[in-house]
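Tertiary structure, described
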Amino acid sequence: MARRILAAGNWKMNMTPAEAAAFINDNKAAFASDDVDVLFCVPAIDLPAALAAAEGTNINIGAENMYFEEKGAFTGEIAPGMLDDLGVKFVIIGHSERREYFAETDEIVNKKVLKALEHGICPVMCCGESLTQREQGVTQEWVRQQVKIGLLGVDADAVKKVVIAYEPIWAIGTGVTATSDQAEEVCGWIRALLVELYGADVAEEVRVLYGGSVNGGNAAELFAKPNIDGGLVGGASLKPSFADIIHYNK
Ligand code: PEP
């Protein structure tokens, strides 16, 4: 079965609840698509407003983070059951900004991935190398390690619900996009690792996204690559022109 392209936005710490609702209401017609899955991962406080605005549309709403414990003394954290209760079906896990500013390790990412899956929430698990690592020639080992540890304990059935986002740190928010060949090379390595871990049939079903300065001008070339199944998009997901990414093939 062919993998459906996923156009996923990551709003980061942008948009108030009122702005979130207005953005979705104003653009839902332009964001409608029969052949591309659309997802906005939004700040936790925006979730109820965004979910209400997206009701009855093709737009999926996800979270940008969650904690790996069910409940307890973890001030400021969001439990998986809280997302579940709202009807949230996707959550970004291990974005490079969480790794850099909030000290998330591969082990923490793994705990969060397992916990999200336990709650029926699809993790959008991020990985990617820094510019130094690319220059040192360790991109493949680095990304393999991130993905391998992130998926520890995830069985073949569950991994089909995981979305893996390859996001080279040097391309995030910089306006520098990896070339489609660079992006495809790493997404291909990720697919090869999935074949090793789960076999070819399962690996064929897992969506691997590219993220890093994706926009309406480069989406078509990136998404045409055999191992790139869509994009995780930061800055360009905050604008009505996100529609150009959704309609990349028109
Ligand atoms: C991101 O935040 O995941 C991202 C890829 O950002 P941008 O598209 O702005 O580079």
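As a starting point, this report considers the structure included with it. (Residues numbered from 1 in each chain as written. Predicted model: local features only at pLDDT ≥ 70, side-chain atom pairs only at ≥ 80, totals over all residues. Heavy atoms only, no water.)

So, the pattern of salt bridges
This model, assessed by the stated rule, comprises 15 salt bridges. Among the ionic pairs, Glu204 bridges to Arg3, the shortest N-O distance being 3.2 Å. With Glu204 in the loop between α10 (200-203) and β7 (207-211) and Arg3 in the segment before β1 (5-10), this residue pair connects regions lying 201 residues apart in the sequence. Ionic pairing is found between Asp229 and Arg3, a salt bridge with its closest N-O pair at 2.9 Å. Here Arg3 lies in the segment before β1 and Asp229 lies in the loop between α11 (219-223) and β8 (230-233), a separation of 226 residues in the sequence. An identical accessibility class is assigned to Asp229 and Arg3; each is buried. (Salt bridge = Lys/Arg side-chain N within 4 Å of Asp/Glu carboxyl O. Helix = DSSP H or I, 4+ residues; strand = E, 2+ residues; numbered from the N terminus. Buried < 20%, exposed > 50% of the residue type's maximum accessible area, 1.4 Å probe, protein only.)

Some words on the pairing of β8
Note on strand geometry: in a regular strand, side chains alternate between the two faces of the sheet. Of the two faces of β8, both are covered, the one formed by Gly230 and Leu232 as well as the one formed by Gly231 and Val233. Note: β1 against β8, 4 bridges, orientation parallel. When the bridges of β8 are listed, Leu6 appears paired with Gly230. Bridging between β7 and β8 involves 2 bridges; their strand directions are parallel. Note that in β8 the partner of Gly211 across the bridge is Leu232. (Pairing = 2+ DSSP bridges.)

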